[in-house]
Amino acid sequence: MDTLKSLLSPLTGSSQTNPIQDTLKLVVLGGTVETARRVSVSAWNGFIDSFFLTAHFSQEDYPYDWLMHWLSKQPAWGRSREFDITTRSVSRHGLTQSTSGDLEDDEEGDTEDLASRRRRKGMLYNSSDTTHTIYYRGHWLRITRTKRFSDYGSCAELKISVVARNNDILKRLVLEAKREYEKDAEHRVHIFMADTSYGGHWRWNGARQKRPMSSIVLEPGVKDMILEDCKDFLRSEDWYAERGIPFRRGYLLHGVPGSGKTSLIHSLAGELGLDIYVISLSSKGMSDNTLANLMGNVPSRCIVLLEDLDAAFTRGVSRDDKSTGAPTSTSSSSSSTSTSTAKTKEEKESDDGSTLSLSGLLNSLDGVAAAEGRLLFATTNHIERLDPALSRPGRMDVWVNFKNATKWQAEGIFKCFFPSKPTLSAPPAEPKDPKDPTSGDNLAVPKRQGRTPITHTLTEEEVSVLAKRFADGIPDDEFSVAALQGYLLKNKSRPRECVEEVGAWVIQERETRAKLKKEKEEVRIVHVW
């Protein structure tokens, strides 16, 4: 007690002591009080946190997308008192995150006028660094969304805390969010692009609507063969492991431009439920290490797409039959002249689009560090330019040749554009529970005020006759599938006129090609002289 009175004497002024001693006493007293405060706060926070279970989710992984999509459907999430308003209605993962507080104009007007202009909708997003409370299955969830910054840019994080004895409630929440997300995303294919900055990483590029396999018109048996081969591979992981074979499969799609190679890959991804990871081998900054890092970080179940494989080690823009990708004499002379200028080594390296080597590409495809379980698709317009080591079995197991459209393909494409017995209006839909994730309100489909009426009414017999006439007017192996689709798109509401004018279109296309060929030859002659 005497010691306590001695410490408090500078505050009470009850005794006259040395000022230095009083100062020391105050320092000791203040330090003791502060230490006691910190210990008590730490003990109290530890006591409270012992009842909380906390899960962290990063934007760089899929569970973050699942939970953000699930939260967007919760009424309490839309009633936040601090939010940001934006017109970007599509989230990072491609699904529309509509909340109950969104700003939507219900103004009615001319249907054609509304369809001709893009209508913007104000979306409400909860601000970062805010905490929200949501009631879920008898538990109160405390949800905080933060944002951290690094050399790669910003990355959002989600923290969910709940008072519970075990983590069963959080597991149930994540699984429920995953199921709802997959139901809403089952009609979309996610596209990821290779980003060569910072050593190489994958950047989400968008989500596309799945393309039905019926819209791909190839020679009989080709489409089914590729689809069945992919399905057989995906369910044969144990078979590969038992025999010590790397669990990888490669497909080489070669042929003329515009023959449907990329469209087939898009359709296969939708049919198999896989995402597409696209790599441009000629992009700036692509190197052996970057490609190896990218190929090593792809998921086990996905499609890796290498487009224009023949142009991987060239910077030319010509893709005709006579082009070899080698520098022309003009470019060589200009490059020799430029070497006389005072350029540093770093400037020369920055001008190169890619430093990728053939050995680096081969090692990334089937090296020790190469990912397994992925479907590799490579496209090229000139298979004769590929090195035999690149196209051998084990790297490219299945070869598919894509040619110009045949009459059989022309007939099939016409039937895809003009189906028989179209409906002028949508049939009445069965009433659905608005809380059902599969209902129209929750699917990622843009809402429209009205449908564009279909002007043609053709029976199945009329479609067959017109398709046959259209195919008869198309010469075999002369026009690409893309060219036929372009012509049909111009006449999408004129099936009969489309058939009658196909002969004139063929003549016009031939004249245009001859003119372009002549101009190209003249340019080459000028370069030679």
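Refer to the preceding data block for the structure.
Nothing here was measured: the structure is a model prediction, and the numbers come from that model.

Colleague: Would you mind going over the overall build of the chain with me for this structure?
Modeller: Scanning the chain for helices and strands turns up 19 helices and 13 strands. Residues counted as buried form 36% of the 529 residues belonging to the chain. Taking the contacts inside the chain whose residues are at least 6 apart along the sequence as the reference set, 74% of them involve residues at least 24 apart. Roughly 32,000 Å² of accessible area belongs to the chain as shown, and the carbon and sulfur atoms make up 53% of that amount.

Colleague: Where do I start with the packing of helix α3 (residues 62–71) against helix α6 (residues 168–184) in this structure?
Modeller: When two helices pack together, you describe them by how their axes are tilted relative to each other and by the distance separating the axes. The contact between α3 and α6 brings their axes to 8 Å, and the two run at 80 degrees. By the angle between their axes, α3 is roughly perpendicular relative to α6. Residue-level contacts link Asp65, Trp66, Leu67, His69 and Trp70 of α3 to Leu173, Val174, Glu176, Ala177, Lys178, Glu180, Tyr181 and Asp184 of α6. Of the residues belonging to the contact of α3 with α6, the class tally is seven nonpolar, one polar and five charged.

Colleague: Can you walk me through the environment of Ala378 in this structure?
Modeller: With respect to the helices and strands, the residue Ala378 is situated in strand β12 (residues 375–380). The spatial distance from the C-alpha of Ala378 to the C-alpha of Tyr251 is 6.3 Å, given a sequence separation of 127 residues. Leave out the neighbours within four places in its chain, and Ala378 touches Tyr251, Leu252, Leu253, Leu306, Leu309 and Met396.

Colleague: How should I be thinking about the environment of Ser493 in this particular structure?
Modeller: Tracing the backbone shows Ser493 in the loop between α17 (481–490) and α18 (495–500). Sequence separation of Ser493 and Phe418 is 75 residues, and the distance between their C-alpha atoms is 8.6 Å.

Colleague: Help me out: how do you make sense of the nonpolar core in this one?
Modeller: If you look at soluble globular proteins, the nonpolar side chains tend to sit buried side by side. Among the nonpolar cores identified, the biggest contains 29 residues, and Leu264, Ile276, Ile303, Leu375 and Phe377 are the most heavily contacted of them. Listed by contribution, the elements that provide at least two residues to this core are β7 (188–195), α7 (222–234), β9 (249–255), α9 (261–272), β10 (276–279), β11 (303–306), β12 and β13 (398–402). Apart from the residues lying within four places of it in its own chain, the contact partners of Leu375 are Cys230, Phe233, Leu234, Arg249, Tyr251, Leu272, Leu274, Cys302, Ile303 and Val304. By size, the runner-up hydrophobic cluster in this structure holds 27 residues, among which are Leu252, Leu362, Ala371 and Met396.

Colleague: Can you help me understand the sheet that holds β10 in this one?
Modeller: Hydrogen bonds between backbone atoms are what pair the strands of a sheet, whose relative direction is either parallel or antiparallel. One open sheet accounts for seven strands, arranged β8-β7-β10-β11-β12-β9-β13; its pairing is mixed. Of all the strands in the sheet, just β8 (201–209) and β13 have a single pairing partner and so form its edges. Sheet twist, expressed as the mean angle between neighbouring strand axes with direction ignored, is 25 degrees. With three bridges connecting them, β7 and β10 associate as parallel partners. Looking at β10, one finds that Met193 is bridged to Val278.

Colleague: Whenever I open this one, the side chain of Ser267 confuses me. Can you help?
Modeller: Its place among the elements puts Ser267 in helix α9. At 3.0 Å, the side chain of Ser267 and the backbone oxygen of Arg211 are in polar contact. Contacts of Ser267, omitting those with residues within four sequence positions, involve Arg211, Pro212, Met213 and Ile216.

Calculation criteria
- Residues numbered from 1 in each chain as written.
- Predicted model: local features only at pLDDT ≥ 70, side-chain atom pairs only at ≥ 80, totals over all residues.
- Heavy atoms only, no water.
- Helix = DSSP H or I, 4+ residues; strand = E, 2+ residues; numbered from the N terminus.
- Buried < 20%, exposed > 50% of the residue type's maximum accessible area, 1.4 Å probe, protein only.
- Contact = heavy atoms within 4.5 Å.
- Areas by Shrake-Rupley, 256 points an atom, 1.4 Å probe, with all protein chains shown as cover.
- Axes fitted to C-alpha atoms, helices over the stretch in contact; angles between N-to-C directions.
- Parallel < 35°, antiparallel > 145°, perpendicular 65-115°, else oblique.
- Nonpolar A, V, L, I, M, F, W, Y, C, P; charged D, E, K, R; others polar.
- Core = buried A, V, L, I, M, F, W, Y, C linked by side-chain atoms within 4.5 Å.
- Pairing = 2+ DSSP bridges.
- Polar contact = N/O pair within 3.5 Å; in protein donor to acceptor, adjacent residues only side chain to side chain.

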